[in-house]
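# Notes for the structure review
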Amino acid sequence: MAAALVREGVQSIAWTAVLPALLPALAALLLLALDAIVGPRRGGRWRDGLALGGLVVGLLAVVPLGGQARSTFCADVAGASAGTVTVACGFVASPLTLALQTLVLASALMCLLLALGQRRPRPGDAPDAPRTEHHLLLLVATSGACFLAGARDYATLAVAFETASLPVVGLVALRRDGRGVEAGLKLLLTAVLSFALLVLGVALVYASTGSLHLGARVNTALPDLGLVHGVGLALVVAGVAFKLSLVPFHAWTPDTYAGAPVPIAAFLATVSKVAGLTALVLVLAIGAPQLASSWSLLAGALAAVTMTVGNLVALRQRSAVRLLAWSTVAQAGWVVLPLAGAVSPHRVAAAATASIGYLLAYVAATLAAFAVVVVVAQWHPLGERHGLDAYDGLLRSRMVLGVVLGFALLCLAGLPPGVMGLVAKVVALRPVVGAHAWLLTSIAVLNVVLGVAVYLRWAVRLVAATGEPDTLREPVGALTAGSVPAAPAGTSGAAIGPTGTLGSERDGEADVRTGITVPHGVALLLGLAACVVLSVLPALVASPLG
Amino acid sequence: VSALLVLLLALPLGGALVLLLRPESWASRAAGQPDAVVRQVGLGASALTLAVALLTLTQRPWSTPDAVLEVDVPWIPGLGARLHLVLDGISAPLVVLTALLGLLVVVLVTSTSSSRRGSRGLVACLLAVEGGALATFTAADLVVFFVAFEVVLVPMWAVIRWWGDPHDEPGRREAATRFILFTAGGSVVLLLGLLLVASASGTTDVVELVRRQGDGMSGTVQLAAAVLLLIGLSVKVPVWPLHTWLPPAHTAAPTAGSVLLAGVLLKMGSYGMIRFVVPVVPDGFARVAPVLGALGVVGILWAGLACLVERDLKRLVAFSSVAHMGFVALGIASGTPQGLQGALFANVAHGVITSLLFVVAGGLKQRFGTADLRMLLTGAGGGLRDRLPRYGGMLVVGCIAGLGLPGLAGFWGEFLAVYGAWQADPVATGAPVWFWRALASLAVIGTVLAAAYLLRVLRLLWHGEVEGAAVTPAGYQRGGRTSPRQQDAHPHDEAEVRLDGSPDVELLHLPPGTASDAGHVSPTLLESGARAALHLPRDVRPVSARRRGDATTSETVVGLVLVVLSVVPGLLPWILLATTEPAVRHLLAVDRGFL
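Residues numbered from 1 in each chain as written. Chains lettered and ligands numbered in written order. Predicted model: local features only at pLDDT ≥ 70, side-chain atom pairs only at ≥ 80, totals over all residues. Heavy atoms only, no water.

### Overview of the overall build of chain A
A tally of helices and strands in chain A yields 21 helices and two strands. With 546 residues in all, chain A has 60% of them scored as buried. Restricting the contact set of chain A to residue pairs at least 6 apart, pairs at least 24 apart contribute 78%. Entry remark: accessible area of chain A is about 19000 Å², with carbon and sulfur atoms responsible for 69%. (Helix = DSSP H or I, 4+ residues; strand = E, 2+ residues; numbered from the N terminus. Buried < 20%, exposed > 50% of the residue type's maximum accessible area, 1.4 Å probe, protein only. Contact = heavy atoms within 4.5 Å. Areas by Shrake-Rupley, 256 points an atom, 1.4 Å probe, with all protein chains shown as cover.)

Shown next, in the form of structure tokens:
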């Protein structure tokens, strides 16, 4: 039936398979419609609800897809041997797709919660992002990352990848001050340059195989096409590496993280990285498993350089956001490390699974850490530029924040009680040890030690003597009364934040400032819950595809 | 699923969790007083753990080479790892030792308000260390072993970092950092070895791996795995030259931390070698064994020589740990049943004896603000025999047992280890007979060194003999930065006083002959003189300003328990040897019994 329709040029679309990726985009469209109907200055709560709803419904749409893989956007392509025809599909909802989509949607939800909990900026700060645009860009980027997870041809991959990338530039620049623009510009230049590389690579691959379908074989009729194919793949890898912040494509990372609003930095660190790894896994593990022995070397080199540079620079950082930025660089090395163990085609699946397992643990821990940084940036005099000393004695003064951050850092360092991080290290190292890549493993050992130093340097402050007692006098972990949930319908509803309490906050009531808003509280608890659950049941980290 | 085994791990870890999660724990920390909850939960959890550990003995682990208690449930299917715990003759002594030391350190901590910070976090950390160690000693799965091995890191780091030597903040920070970086690095190397074994053999179950005795793994893989595993575990043991984290850690750690560090943590390394290296990759191990044995002996001699000139009592005991663990390494390296039995015996004996010595050293340091041998003498106002008889008594038993006097616990383990090395199989290990016999002989020289340095301690502290000890507060001079070693080279020229309160380890030089009697130094004068000379801040208290009583009741009780345990296994060594023998024979796949 389906094949017959395809022959007639009619596409039958398996809507359920596309739904998780489509629903956030649909929510974005509704958001635009709402904006057109009620105007930009009203209905702030509806906008937030719509954005949250789009992500939650997308997440729910993943659930019934478990079980069998569904494919759509299929077409006939030339088979492996001459004269045969097989059906290749542009979008597949496989366990891999669903796992990555879940990760993307859940991370986006967390980042949205973090953004919604933000208060009105203080006088002198940059003005806040307009609500509609912010949610719109976030939803579209999320939708792109979800589509990317299901993409199985280079065209879908390239378009979805760009859909996941470019809106983030807008998100970064939306804060409309000097730092935001600079950060956005850096990201934009890198993204555009990378896209050029990606497209060039796709063109070369297409030239060598004659098909955009992932996994198409190189045309053996002409000589030297294998080389063209290899160069094309290398360019594609270079094009997607910037999203993972793999050294040497990482240069934009620290400045962009520091210049962006912290929730958007969290988005870059999680959703963007998931998209980056998705593209990498698609291109390498699904696109070219037969070349695994070659690209595993490339992955190993990237991983070794990335984790070492990231950890060494992170060791010297004084600002919390910058430390997290470099930490995400180092962690990206760990995420890619398992791919280096794919020295032969039959090891590819295990290596890619291990990568995604590590990614899962990394995303959970990083989101929890970012949640705390977002909250601390709210009340610290230096705002988002606050240093590590802002965390002195946090475990005593605000236990919930201290516990969440402490646990997240231990997970990132891979030390119990952060069992999740420890198991993730086991998972990441297993394919590499299985491949007997001893040079790479010794670099990884060095980086475990460096990582412990990086994260403990921060964690130790949670219990350290307090430097500035006046900023930490808030009672432990309470959701204070002054912290109104985000976005009561107010007169200036176009901005993110509890506009209703604007007046009292402007008067400098420090106690109100040090409270935790409800979305932030939810995000903190979700982050902690994810880390704790994964630490108690680490089985999910080892087999993330279910 | 054995409920006893589950309880054994759940009690200490649960106790730690309860203590940590009670919100007032952080509020009450500043108070510095042990609160009632700490006492109840801490003592309750650790006492129950000990009870459970003793109850496991009713399963008669000495009667069979196999596990008498077992837990085996799925855990991480993606890694092929199961939550597999067993208790057999090899685990049992270490489990009981750990549970006992766990109770003793909680008693020590809850009975004294020794630290500026509250003791709740400290007790929680100690319980977590205990739980992690118990999990390590019962793990029968490579991944479970690794996770359990890592559990102790952060709590122990916290113990050193925050409850360590209150006089030396930079020192304890550096010691804690060094501890966690060294041991975390070692753990990853260990992990690589474990993963190599898992990937080469296709299973992570140690019971199965022991049954296979390395079948199915090529010689190269076995060698690589043995090297990785031994390097990783050697950091923890520690084997020379990977021991450099230990002396600072011991010096900075509080007494309870030192006791667990020496009595429990180090054992995790040697236990890992016995259960996860020797029987799992036997061919690879045999090829590395000569190196391990040689390093063990180097450690024995090196640490013995260091102890001869070491002036800080805690560092001295720490170095003596390196020496004792050198015997353990030698015994394991021999690959003989006797050697392994000796290593297991020495493990337990060292745990008891060193704990006893650390109780004394820690108590003295707490009272006098220093563990420097001469300063202690000045502070105590003479030999411990007369002034502080309880500490003195414990010190004598600890030292005598530590130097391996027959009839005390220290003797049998080291005797068997040396005997095992003498008997080592030259064919399997690829090292000639003379090599092993030379190692055994050198190890015996090490016991002579042990006698020399421990008797030196006794001469100084117990008798109170110090050369040129003429001290008055009148003659203070500002000292240069001379290292203790250099000073020790000519002790008759001048007696010097080291103040631990000063960050740079400054020395006060006292001209000889200017004073009357070391026993009559006025604490007030000494203190004010020291302050003036060193510009010390008020809260840093030099020697003699502290309470100078003898051991408290709880310290005495703890000490007595440890004294009894230093004596009983020495008189009745078969208790331990018979427990470990069947399991050791099973590990080595040898039929002939030793006893």
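Still more to cover.
### Remarks on the interface of chain A and chain B
Counting residues at the interface gives 32 residues for chain A and 33 residues for chain B. Interface area for chain A against chain B, summed over the two sides, is near 2900 Å², with a carbon-plus-sulfur share of 85%. In this structure, the connection of chain A to chain B is made through zero salt bridges. For the pair chain A and chain B, the interface holds one residue pair in polar contact (both at pLDDT 80 or more). When contributions to the side of chain A that touches chain B are tallied by element, the ones reaching two or more residues are α14 (394–397), α15 (399–413), α16 (419–434), α17 (438–459) and α21 (539–542) of chain A. If one sorts the elements of the side of chain A that touches chain B by residue count, α16(A) sits on top with nine residues. Split into classes, the residues belonging to the side of chain A that touches chain B amount to 25 nonpolar, five polar and two charged. (Buried area = accessible area lost by both parts, 1.4 Å probe. Salt bridge = Lys/Arg side-chain N within 4 Å of Asp/Glu carboxyl O. Polar contact = N/O pair within 3.5 Å; in protein donor to acceptor, adjacent residues only side chain to side chain. Nonpolar A, V, L, I, M, F, W, Y, C, P; charged D, E, K, R; others polar.)

### Topic: the confidence of the model for chain A
For any part of a model where pLDDT is low, the fine detail of the predicted coordinates should not be relied upon. In the predicted model, chain A carries a mean pLDDT of 83, and the fraction of residues at 70 or more is 85%. With pLDDT under 50 throughout, residues 467–512 of chain A is counted as low confidence; its partners more than four residues away or in other chains account for 99 contacts. (pLDDT = per-residue confidence, 0-100.)

### Describing a nonpolar patch on the surface
Residues and elements named next belong to chain B. A surface patch of nonpolar side chains, amounting to about 550 Å² of accessible area, comprises V564, V568, L571, L572, W574 and I575. For the nonpolar patch, the secondary structure elements donating two or more residues are α24 (553–571) and α25 (574–588). Within the secondary structure, L572 sits in the loop between α24 and α25. According to the relative accessible area criterion, L572 is partly exposed, its value standing at 35%. (Patch = residues over 30% accessible without salt bridge, like charges linked within 9 Å, V, L, I, M, F, W, Y side chains within 5 Å.)

### What about the packing of helix α1 (residues 3–21) of chain B against helix α3 (residues 36–56) of chain B?
All names here are of chain B. Direction vectors running N to C along α1 and α3 enclose 170°, while the axes themselves pass 9 Å from each other. Judged by the angle between their axes, α1 and α3 are roughly antiparallel. Contacts between α1 and α3 involve L4, L7, L8, L11, P12, G15, V18 and L19 from the former and V37, V38, V41, A45, L48, T49, V52, A53, L55 and T56 from the latter. Considering only residue class, the contact of α1 with α3 consists of 15 nonpolar, three polar and no charged. (Axes fitted to C-alpha atoms, helices over the stretch in contact; angles between N-to-C directions. Parallel < 35°, antiparallel > 145°, perpendicular 65-115°, else oblique.)

### Observations concerning the environment of B:P337
Residue and element names in this part refer to chain B. With respect to the secondary-structure elements, P337 resides in helix α15 (residues 337–368). P337 sits 250 residues away from L587 along the chain, and the two C-alpha atoms are 9.2 Å apart. Contact partners of P337, with chain neighbours within four places excluded, come to V584, L588 and V590.

### Topic: unusual backbone geometry
A cis amide bond, omega 10°, links A:V247 with the succeeding residue A:P248. Here A:P248 lies in the loop between α8 (225–244) and α9 (253–259). Going from A:P416 to A:P417, the amide bond is cis rather than trans, its omega being 10°. Along the polypeptide, A:P417 turns up in the loop between α15 and α16. A positive phi is found at A:H436, a non-glycine position, where the angle reads about 55°. Here A:H436 lies in the loop between α16 and α17. Here B:R60, not a glycine, exhibits a phi torsion of approximately 55°, which is positive. Looking at where B:R60 falls in the secondary structure, it is placed in the loop between α3 and β1 (69–76).

### As for the state of the cysteines
Residue and element names in this part refer to chain B. Tallying each qualifying case throughout the model produces zero disulfides over all chains. With no disulfide of its own, C307 lies closest to C399 among cysteine sulfurs, the gap being 11 Å. When its relative accessible area of 0% is taken as the criterion, C307 is described as buried. (Disulfide = S-S within 2.5 Å.)

### A few points about α15(B)
Side chains of residues three or four places apart in an α-helix project in the same direction, reflecting 3.6 residues per turn. If you check α15(B), its first and last C-alpha atoms are 45 Å apart, about what 32 residues at 1.5 Å a residue would give, namely 46 Å. For α15(B), a buried count of 31 out of 32 residues is recorded, marking the element as mostly surrounded by other parts of the structure. (Expected span 1.5 Å × (residues − 1).)

### Looking at the pairing of strand β2 (residues 81–87) of chain B
Residues and elements named next belong to chain B. Taken across its seven residues, β2 has five buried, putting it largely inside the fold. With seven bridges connecting them, β1 and β2 associate as antiparallel partners. Considered in β2, the bridge of V73 is made with L83. Counting the residues between successive antiparallel strands, the hairpin from β1 to β2 contains four residues, one of them, G80, with a positive phi of roughly 70°. (Pairing = 2+ DSSP bridges.)

### Description of the environment of B:G392
All names here are of chain B. Among the structural elements, G392 can be located in helix α18 (residues 389–402). Overall, the relative accessible area of 0% leaves G392 in the buried class. Along the primary structure G392 and A176 are separated by 216 residues, whereas in three dimensions their C-alpha atoms are 30 Å apart. Each residue touching G392, except ones within four places of it in the same chain, is listed here: L384 and W462.

### Overview of the environment of B:G446
All names here are of chain B. Mapped onto the fold, G446 is located in helix α21 (residues 433–463). Relative accessible area serves as the criterion here: at 4%, G446 is assigned to the buried category. Residues G446 and L403, 43 residues apart in the sequence, show an inter-C-alpha distance of 9.7 Å. Once you skip the residues sitting within four places of it in the chain, G446 turns out to touch I300 and L301.

### With respect to the packing of helix α6 (residues 154–173) of chain A against helix α7 (residues 178–209) of chain A
Residues and elements named next belong to chain A. Closest axis-to-axis distance for the α6/α7 pair is 8 Å, and the angle between their directions is 170°. Between α6 and α7, the interaxial angle falls into the category roughly antiparallel. Together, Y154, L157, A158, F161, E162, L166, V168, V169, V172 and A173 of α6 and G180, A183, G184, L187, L188, A191, F195, L198, V202 and V205 of α7 make up the contact between the two elements. Its residues assigned to classes, the contact of α6 with α7 shows 17 nonpolar, two polar and one charged.

### Quick word on the packing of aromatic side chains
For the structure shown, the criterion picks out 18 aromatic pairs over all chains. Consider the rings of B:F415 and B:Y419, whose centres lie 6.2 Å apart with planes at 20°: the pair is stacked. One end of the pair, B:F415, and the other, B:Y419, are both in helix α19 (residues 409–423), four residues apart, so they sit about a helical turn from each other. Taking the relative accessible area as the measure of exposure, B:Y419 reaches 33% and is therefore partly exposed. Members of the aromatic cluster, each reached through a chain of ring pairs, are A:F161, A:F242, A:W252 and A:Y257. A cation sits over an aromatic face here: A:K243 above A:F161, 5.7 Å from the ring centre. Cation over ring: A:K425 sits above A:W334, and NZ or CZ is 4.7 Å from the ring centre. (Phe/Tyr/Trp six-rings, centres within 6.5 Å; stacked < 30°, edge-to-face > 60°. Lys NZ or Arg CZ within 6 Å of the ring centre and 35° of its normal.)

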